[in-house]
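Chain and residue survey
This is what each chain is made of:
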Amino acid sequence: MPPAENVHWLFATGLLGFGLCLLARALVGEELWNRSTWRRYLLPAVLFCIGAAMWPVTVFFVVSPIHTLAHTTWAQLTMLAGIAQLGLSAGRLTSRWWNLLVPVAVAASGAMFVVHESNPWFFMRSSFLHHLIGWTLVVGSLIPLVLVFRPRSTALSAGLAALAIAVAVMLYADRDRAPIFGRLSPLAGTAREPAPEVRP
Amino acid sequence: MESELTATLERAAHSTWRALALTAIGPLTVLAGVAWALVQPYRVTLLDPRAHGVWDHVVQPPLLVVTVGVLFHVVVVRPLVRALEGGS
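About the thresholds
Residues numbered from 1 in each chain as written. Chains lettered and ligands numbered in written order. Predicted model: local features only at pLDDT ≥ 70, side-chain atom pairs only at ≥ 80, totals over all residues. Heavy atoms only, no water. Helix = DSSP H or I, 4+ residues; strand = E, 2+ residues; numbered from the N terminus. Rg over C-alpha atoms; globule rule 2.2 N^0.38 Å. Buried < 20%, exposed > 50% of the residue type's maximum accessible area, 1.4 Å probe, protein only. Contact = heavy atoms within 4.5 Å. Areas by Shrake-Rupley, 256 points an atom, 1.4 Å probe, with all protein chains shown as cover. Lys, Arg positive; Asp, Glu negative; His and termini not counted. Charge placed at Lys NZ, Arg CZ, Asp CG, Glu CD. Buried area = accessible area lost by both parts, 1.4 Å probe. Salt bridge = Lys/Arg side-chain N within 4 Å of Asp/Glu carboxyl O. pLDDT = per-residue confidence, 0-100. Polar contact = N/O pair within 3.5 Å; in protein donor to acceptor, adjacent residues only side chain to side chain.

On a plain count of helices and strands, chain A comes out with 8 helices and 0 strands. Secondary structure elements in chain A, listed N-terminal to C-terminal, are α-α-α-α-α-α-α-α. Since a compact globule built from 200 residues should have a radius of gyration of about 16 Å, the 18 Å found for chain A is in line with a globular shape. The dimensions of chain A, computed from C-alpha atoms along their principal axes, are 55 × 30 × 25 Å. Taken over 200 residues, chain A has a buried fraction of 50%. Considering only contacts in chain A between residues 6 or more positions apart, those separated by 24 or more positions represent 62%. For chain A, the exposed surface amounts to about 9,600 Å²; the carbon and sulfur share of it is 70%. Looking at chain A, you have 14 positive and 8 negative side-chain charges, and the mean spots of the two groups are 11 Å apart.

Each partner contributes residues to the interface: chain B has 25 residues there, and chain A has 25 residues. Roughly 2,200 Å² is buried in total at the junction of chain B and chain A, and carbon and sulfur atoms are behind 76% of that figure. For chain B, the biggest contributors to the area lost against chain A are B:W55, B:V68 and B:L80; these three give 24% of the whole. Here chain B and chain A share 0 salt bridges between them.

Turning to the confidence of the model for chain A, a few remarks are in order. For chain A, mean pLDDT is 89; residues scoring 70 or higher make up 94% of the total. Per-residue pLDDT stays below 50 along residues 194-200 of chain A; that stretch engages in 11 contacts with residues further than four places along the chain or on separate chains.

Note that B:R43 resides in the loop between helix 1 (2-39) and helix 2 (54-58). Here B:R43 sits buried without a salt bridge, and the closest side chain of opposite charge, A:E5, lies 6.5 Å off (N-O distance). Polar contacts involving the side chain of B:R43 include one to the side chain of B:Q40, which spans 2.9 Å.

Our focus in this paragraph is the pattern of salt bridges. Residue and element names in this part refer to chain A. Applying the stated criterion across every chain yields a total of 1 salt bridge over all chains. Taking the shortest distance from any N to any O, the salt bridge between R175 and E5 comes out at 3.2 Å. Placement of R175 in the segment after helix 8 (154-172) and of E5 in helix 1 (residues 4-28) is noted, with a sequence separation of 170 residues between them. A relative accessible area of 7% places R175 in the buried class.

Residues and elements named next belong to chain B. Taken as a whole, chain B shows an average pLDDT of 85; of its residues, 84% reach a score of 70 or greater. Element-level pLDDT for chain B is lowest in helix 2, with a mean of 81, against a maximum mean of 92 in helix 3 (residues 61-87). Interface scoring of the predicted complex returns ipTM 0.85; its pTM is 0.88.

Have a look at this one:
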């Protein structure tokens, strides 16, 4: 079993790739991006896969009931958003309101980050990052929400890309039992990576 | 005639700018990964193979960032730039 930080880094990698693709799509525009069939399905497929990858975390990292519940909800909503985007890309779904599943999934992801972190902000670095990522996603879900009504906005598309990349960077910064701004709660145990600035 | 030419030139300049920005994303991502590895060399555990497990060797942020940058550039950007240049 990999340590939790490695799992976070793997998700960060998926999100970074997703964010870079969103940025590329924002730069060239949807028309050119969708000209190639595989590219049209790439972003929805990545979103779906991120949701599907949440299931092993749900099953193998059973920490508490709320942890399991959060990851299950998270996995289902992300997969649902991915499927809806696949349906829209394939032309099987036509109503633009299906796009609302993306902000719902983003906001729910943020809520899940906050809900399944039982420690306060400055308990250790992973606690801080869970709170930070959670609130970033909750606030950031406004971007895909506005995009539903202004789908051709380059600034909003780039903003969504920036949100994904920012969350990826925060996830990459995650470490198991590491200090945050020099603080590490004595209840957290010893830092996995020795840091000279630790001030318990 | 003149305004048509101006519009064509503007479109071409816009496409060039977009192509330039697109081609910069992958290398910049790789550069970020390399910079991270230089700033925190202990992240690259391959330099100390016996002290770490397989997960630490394979799943380390600087390596993952470099891999994403390279894959993104080769798989996504190159065909996209070709399409962009073909389209313009």
